[in-house]
Amino acid sequence: MTDDANKMWGGRFEAGPDAIMEAINASIGFDQRLARHDIEGSLAHAAMLAATGIITDSDAKAIREGLLTVLSEIETGTFRFQVALEDIHMNIESHLQKLIGTPAGRLHTARSRNDQVATDLRLWVRDQCDAAIAGIRALQRALVDQAEAGADWVMPGFTHLQTAQPVTWGHHMMAYVEMLERDASRLGDARNRMNECPLGACALAGTSFPIDRDATASALGFDRPMANSLDAVADRDFALEFLAASAIVATHLSRLAEEIVIWSSAQFRFVSLSDRYSTGSSIMPQKRNPDAAELVRAKTGRILGSAVGLFTVMKGLALAYSKDLQEDKEQVFDAADSLMLVLAAMEGMVRDMSADPDVLTAAASSGYSTSTDLADWLVREAGLPFREAHEATGRLVAMAEAENKELQELTLEQMKSVHKAITDQVRDVLGAESSVRSRTSFGGTAPERVREQVVLWRERLS
């Protein structure tokens, strides 16, 4: 342990840890990402200490100028981080002491590293919520653009990855807009809940100094100080909530990525991706691999793993602070980095992908996708109970399948042999285009409903 590190620890320890202990104990390799937030917290704390008369104005001024110098050195890359000083807090404080001397030692009055790191991480995660929401909004805009372009394009809708009923391309795109809106809402809710300030809780029990926690909370943009000092330093539910919300976002992105993988295959040919979001094969010259989509799909496991990791860290911790909580940051940092990357990649792919309306329509018109329309017609026009109509339609599908025909290729006589109530007017509902135009219920796939949603979402996202 260096002399600097011994000074930071105080008089309790004489011998330094061996290399193994130093390696497991130090967090500066990753928590230096909190530098700006740590300095913001220290600036607010020093200003409060001066305002309450706990330190002098001259000391506060020296601390402020010194901290701004430290921040400048970190941002320009000239600051030298030391593993022996363990973490970002001690690295900054040690360098501050070299810069301004005695006043630096007064900065840590009425606070602990416990409330300091809890504050830093809340500030960092709060910023990440804002960044993730912005990324979601950008992706939603890309999806709305696709929806508007393809509001009339007919494609097969699937259940069990089997052709179910025709839908429009625009309707399919707007489904993800809705999912992502709930994702943004979850992140916004998480941000609101985490917006309470731990600073001033000190190690775990508060302080005897006459601090003003409302002042520091306000200076840092928090709604209020946290009401219980034990809770303030001990819980990371705000990080857990961010990770859980991120995992749900990633799951939605993974589902869309899976569809892009399927749609871009030679068997489907629904969409194509340009070279910007595809790669080739080292031995198969015909290949165009949707690697970006595959990696978005894979990153979901990484983000979910971070959430599981931190849940596991937290599940056995008695109040208040334990060193286990050092393991919160790498999980949060990695998940946040992955989330921002997959959001950007998915926005790029959605803007890049080009759908083939002719292939979509051909696929939508096959596989007996208008069977439900036929059953509905029998209910509406012939007055059959739905179960009877369903049974008659099933027999017609079996007949068409046996003759390797689509429903609309059956003759009227063949249809009447199944149910005499069928007339030639039934052909009006057997086309995929007719099917989607008829689905005008709120939330339905009809082009007019899609365009209404496009207008609504353009207003929301503007």
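One can find the structure itself at the top, above this paragraph.
Bear in mind the structure is a predicted one, so any value in this text is a computation, not a measurement. (Residues numbered from 1 in each chain as written. Predicted model: local features only at pLDDT ≥ 70, side-chain atom pairs only at ≥ 80, totals over all residues. Heavy atoms only, no water.)

Colleague: So what exactly am I meant to see when it comes to the packing of helix α11 (residues 237-263) against helix α13 (residues 328-352) here?
Modeller: Helices that pack against each other are described as a pair by the angle of their axes relative to one another and the distance between those axes. It is the contact of α11 with α13, at a shortest axis distance of 10 Å, that shows an interaxial angle of 30 degrees. By the angle between their axes, α11 is roughly parallel relative to α13. As α11 runs across α13, the sense of the crossing is left-handed. Contacts between α11 and α13 involve A239, F242, L243, S246, V249, L253, L256, A257 and I260 from the former and Q331, V332, A335, A336, L339, V342, L343, M346, M349 and V350 from the latter. Tallied by class, the residues present in the contact of α11 with α13 amount to 17 nonpolar, 2 polar and no charged. (Axes fitted to C-alpha atoms, helices over the stretch in contact; angles between N-to-C directions. Helix = DSSP H or I, 4+ residues; strand = E, 2+ residues; numbered from the N terminus. Parallel < 35°, antiparallel > 145°, perpendicular 65-115°, else oblique. Left-handed = near helix turned anticlockwise from the far one by under 90°. Contact = heavy atoms within 4.5 Å. Nonpolar A, V, L, I, M, F, W, Y, C, P; charged D, E, K, R; others polar.)

Colleague: Looking at this structure, how should I read the pattern of salt bridges?
Modeller: Where charged atoms of side chains with opposite charge meet at close range, the side chains can pair. According to the stated counting rule, one finds 25 salt bridges in the structure shown. Close ionic contact of R458 with D145 constitutes a salt bridge, the shortest N to O distance being 2.7 Å. Placement of R458 in helix α19 (residues 447-461) and of D145 in helix α7 (residues 113-149) is noted, with a sequence separation of 313 residues between them. Judged by relative accessible area, R458 falls into the partly exposed class, the value being 33%. D145 gets classed as partly exposed once you look at its relative accessible area, which sits at 31%. Here R224 makes a salt bridge to E196, at a shortest N to O gap of 3.1 Å. Here E196 lies in strand β3 (residues 196-197) and R224 lies in strand β4 (residues 224-225), a separation of 28 residues in the sequence. Residue class for R224 comes out partly exposed when judged on its relative accessible area of 41%. The network of salt bridges with shared partners includes D145, E148, E347, R351 and R458. (Salt bridge = Lys/Arg side-chain N within 4 Å of Asp/Glu carboxyl O. Buried < 20%, exposed > 50% of the residue type's maximum accessible area, 1.4 Å probe, protein only.)

Colleague: Please clarify how unusual backbone geometry should be interpreted in this entry.
Modeller: Peptide bonds are mostly trans, and most non-glycine residues show a negative phi. In this chain, L319 is followed by A320 through a cis amide linkage whose omega measures 10 degrees. Position of A320 relative to the elements: it lies in the loop between α12 (291-314) and α13. Of note in the backbone geometry, E86 takes a positive phi value of approximately 70 degrees without being a glycine. When you line up the elements, E86 lands in the loop between α5 (57-76) and α6 (88-100). The class of E86 is buried, set by a relative accessible area of 7%. At L161, a residue that is not glycine, the phi angle is positive and equals roughly 60 degrees. Along the chain, L161 turns up in the loop between β1 (154-159) and β2 (162-168).

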